[in-house]
Amino acid sequence: MSESNLAERSDGRERLVSGAKVVAQALKTQDVNYMFGIVGIPVTEIALAAQEVGIRYIGMRNEQAACYAASAVGYLTGRPGVCLVVSGPGLIHALGGMANANMNCWPLIVIGGSSERSQETMGAFQEFPQAVRSSIYGRPGACYVDIPADFVNLQVNVDSIRYVECCMPPPVSMAESSAVCMAASVIRNAKQPLLIIGKGAAYARAEESVRKVVEQCKLPFLPTPMGKGVIPDSHPNCVGAARSRALQFADVIVLFGARLNWILHFGLPPRYQPDVKFIQVDICAEELGNNVRPAVTLLGDINAVTKQLLEQFEKTPWQYPPESKWWKILREKMKSNEALSKELAFKKSLPMNYYTVFYHIQEQLPRDCFVVSEGANTMDIGRTVLQNYLPRHRLDAGTFGTMGVGLGFAIASALVAKDRNPGQRVICVEGDSAFGFSGMEVETICRYNLPIILLVVNNNGIYQGFDTDTWKEMLKFGDATTVAPPMCLLPHSHYEHVMTAFGGKGYFVQTPEELQKSLRQSLADTTKPCLINIMIEPQAMRKAQDFHWLTRSNM
């Protein structure tokens, strides 16, 4: 940025610059390119200054959604997004996004404006390089920087400011050679091996090396929800359709950036064999050995460590037999599960069920699109049907199981796509309950004219709801606060009107034919956002599961 843009002349010869502009330039110097927030005293000037130096500022409708969007930018680009908030309630609203970023290990910087305090040196602005480093080095996460109000408007001599050069990318660490050799030996001796690919592998940009391991060693792999696309879901070695069977009977499991938390059932029986051997590949030492004692731990950058493993298999080539009994078990289970899903998808009854809806969506989805998803059954069933072919192209409720992330994630994805791959689509698949958390961000989407396609899968409730007639009958027995089950929402809600209210396109669909037509039209129109409100059977559920989900309700 030129000095004429940065500096303001005083009555004398001294050139002055405001604290807000120093903050903005410090961020830009650290290669921060996106800022989300809600302005107010004292941070409005920071947002204006950010735009002056070329940082994209996106004004959101709630700090929580702003924080979700900023964290998603960090995941997608590897450089933290910024969430700009006022003090007090603004910061409190952002805490959900900060917690979500920490749980998902995504880089994020939250800047909060606080009340004035006695003036100190402008050296405080040197904290921004450290904030960026803290957010991306080691296990990524959220970092908070507090900016007192008097700093924002403080005027100092421009010549006294020294911007620290952009911090380097995180150093690449490698695992101990002896541990790598041991891991390779354990894999070679496995009878029923399984690779689990987590979003840590996606964040580490390890897709090439992980794919080489899979294909060179002929190993079955299972992606976690946001690990989908590191290797395409359509890959013949993907056993996602036999997830429970693969987890339950594998004797050696390699975790590439996946944690043994609730998503993977903590690595414990009965979901796993009692004597299963885990090989953990992770950037964070504190994660190694959580819940289960691993057979081998490989501490380091996931991409670098995977390349170390590849070297072992290149020195002494080895392949897992493609016609083994284990592969036969997995393929048979995949075939039966896929047949059951197709049977549900082809049901002609109305209202539609989840599988019918997702089958017709999958038929039209562009292979390179971002899929953002949240909800209960909407997210869980959608994960099994909607395919991902590229890394970092699926974002969902994640490790924290957070509802309300969808629209913020979709906005972030659309902005990154616009800058890096113009024309790439963002499909945001929402349950009707999940949509309610951040629904007003539809106005944000329309204000910035982001051609996001929102699909609201509407079953009139959380998990399950009631149809209009049942709802009316129920209310005859008393006030809704005493007779309506807590999971119910107002039936037949026209969420598409939220989109049309702000100038986007809205569709209300009840049949497969209407769904196909509205989605085709939405994909064809790249000029404005769309919302398709898809009515399904209020009591629709998942197909029968081998195991109940760990967070199941007692209802």
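A few points on the structure. The shown structure was predicted, so the numbers you read here are calculated from the model rather than taken from an experiment.

### Structural notes on the pairing of strand 16 (residues 426–431)
- Within strand 16, six of the six residues are buried, which leaves it mostly tucked inside the rest of the structure.
- Here strand 16 shows a buried face lined by Val426, Cys428 and Glu430 and a second buried face lined by Ile427, Val429 and Gly431.
- Direction of pairing for strand 14 (residues 370–374) relative to strand 16: parallel, over a ladder of five bridges. Looking across to strand 16, one finds that Val372 is bridged to Cys428.
- Summarising the sheet, strand 16 and strand 17 (residues 453–458) pair through five bridges and their orientation is parallel.

### Details of the nonpolar core
- By size, the foremost hydrophobic cluster in this structure holds 138 residues, and its most contacted members are Phe36, Leu298, Leu395, Ile452 and Leu454.
- Of the residues forming this core, the biggest block, 10 residues, is contributed by helix 4 (residues 63–77).
- Sequence-distant contacts of Leu395, that is, excluding residues within four places in its chain, are made with Ala72, Tyr75, Leu76, Trp106, Met226, Phe370, Val371, Val372, Ser373, Phe409 and Ser413.

### Details of the packing of aromatic side chains
- Evaluated as defined, the whole model comprises nine aromatic pairs.
- Between the aromatic rings of Phe346 and Tyr359, the centroid separation amounts to 5.0 Å while the plane-to-plane angle is 85°, which identifies the pairing as edge-to-face. Note that Phe346 is positioned in the loop between helix 13 (325–345) and helix 14 (354–364) and Tyr359 in helix 14, a separation of 13 residues in sequence.
- Of the residues examined, Phe346 reaches a relative accessible area of 43% and is grouped as partly exposed.
- Chaining the aromatic ring pairs together yields one cluster made of Tyr68, Tyr75, Trp106, Tyr203 and Phe409.
- The ring of Tyr389 carries the charged tip of Arg367 above its face, separated from the ring centre by 3.8 Å.

### Focus: the packing of helix 2 (residues 19–29) against helix 3 (residues 44–52)
- Where helix 2 meets helix 3, the axes come as close as 8 Å, and the angle between the chain directions of the two elements is 50°. The angle between helix 2 and helix 3 places the two elements in the oblique class. Both helix 2 and helix 3 take part in a crossing whose hand is right-handed. Side by side, helix 2 and helix 3 meet where Ala20, Lys21, Val23 and Ala24 of the first sit next to Glu45, Ile46, Ala49, Ala50 and Glu52 of the second.

### Details of the sheet that holds strand 3 (residues 34–37)
- In space, the five strands of this open sheet follow the order 4-3-5-6-7, with parallel pairing throughout. Looking at the sheet topology across the chains shown, the edges are occupied by strand 4 (56–59) and strand 7 (142–148). Across the sheet, the axes of successive neighbouring strands diverge by a mean angle of 25°, strand direction being ignored.
- When strand 3 meets strand 4, the two strands line up parallel, connected through four bridges. Counted as the bridge partner of Phe36 is Ile58 from strand 4.
- Against the sheet, helix 5 (residues 89–104) engages strand 5 (81–86), strand 6 (108–114) and strand 7, with an angle of about 155° to strand 5.
- Along the sheet face, helix 16 (residues 406–420) touches strand 3 and strand 4 and points at about 155° away from the line of strand 3.

### Let's talk about helix 8 (residues 177–188)
- Given a rise of 1.5 Å per residue, 12 residues ought to cover 16 Å, and the 17 Å separating the end C-alpha atoms of helix 8 matches this to within 8%.
- All buried positions along helix 8 are accounted for by Ala179, Val180, Ala183, Ala184, Val186 and Ile187. Along the axis of helix 8, the buried positions cluster into a sector of 160°, meaning they face one direction only. Exposed and facing more than 90 degrees away from the buried side of helix 8 are Ser177 and Ser178.
- On its buried face, helix 8 is in contact with strand 11 (252–256), strand 12 (277–282), strand 13 (296–299) and helix 12 (302–315).

### Details of the pattern of salt bridges
- Applying the stated criterion to the full structure yields 13 salt bridges.
- Of the charged contacts, one joins Arg15 and Asp159 as a salt bridge, the two residues approaching to 2.7 Å between their closest N and O atoms. On the criterion of sequence distance, the pair formed by Arg15 in strand 2 (residues 15–18) and Asp159 in the loop between strand 8 (155–157) and helix 8 is long-range, its members being 144 residues apart.
- Residues Asp525 and Lys505 are paired through a salt bridge, measuring 3.2 Å at the closest nitrogen-oxygen approach. Highlighted residues: Asp525 in the loop between helix 22 (512–524) and strand 21 (530–535) and Lys505 in strand 20 (residues 505–509), separated in sequence by 20 residues.
- Through salt bridges with shared partners, a single network forms among Arg61, Glu443 and Arg447.

Rules behind the numbers
Residue indices follow the written sequence of each chain, beginning from 1 at its first position. Where totals are concerned, whole chains, interfaces and linings use all residues; where local detail is concerned, this predicted model gives features only for residues with pLDDT of at least 70, and gives and counts side-chain atom pairs only at 80 or more. Neither water nor hydrogens contribute to the side-chain values; these are computed over all heavy atoms in the structure. Using a 1.4 Å probe on the protein chains alone, a residue whose accessible area is under 20% of its type maximum counts as buried, one over 50% counts as exposed, and one in between counts as partly exposed. Only DSSP runs of H or I with at least four residues qualify as helices, and only runs of E with at least two residues qualify as strands; both kinds are numbered from the N terminus onward. Following DSSP output, two strands are said to pair if at least two bridges run between them. What makes a nonpolar core is a set of buried Ala, Val, Leu, Ile, Met, Phe, Trp, Tyr and Cys residues whose side-chain atoms join them at distances within 4.5 Å. Whether two residues are in contact is decided by their heavy atoms, any of which lying within 4.5 Å being enough. Only centres within 6.5 Å qualify two rings of Phe, Tyr or Trp (six-membered ring in Trp) as a pair; their planes then separate them into stacked at under 30 degrees, edge-to-face at over 60, and tilted for everything else. The rule for a charge over a ring is simple: NZ of Lys or CZ of Arg within 6 Å of the ring centre, and within 35 degrees of the ring normal. To get an axis, fit a line to the C-alpha atoms, keeping to the stretch in contact for a helix; angles then go from 0 to 180 degrees between the N-to-C directions. Here the angle decides the label: under 35 degrees means roughly parallel, over 145 means roughly antiparallel, 65 to 115 means roughly perpendicular, and every other value means oblique. For a crossing to be left-handed, the near helix must be turned anticlockwise from the far one by less than a right angle; the clockwise case is right-handed. Take the residue count of a helix, subtract one, and multiply by 1.5 Å to get its expected span. The reported arc concerns the directions from the helix axis to the C-beta atoms and nothing else. Salt bridges are counted wherever a side-chain nitrogen of Lys or Arg sits within 4 Å of a carboxyl oxygen of Asp or Glu.

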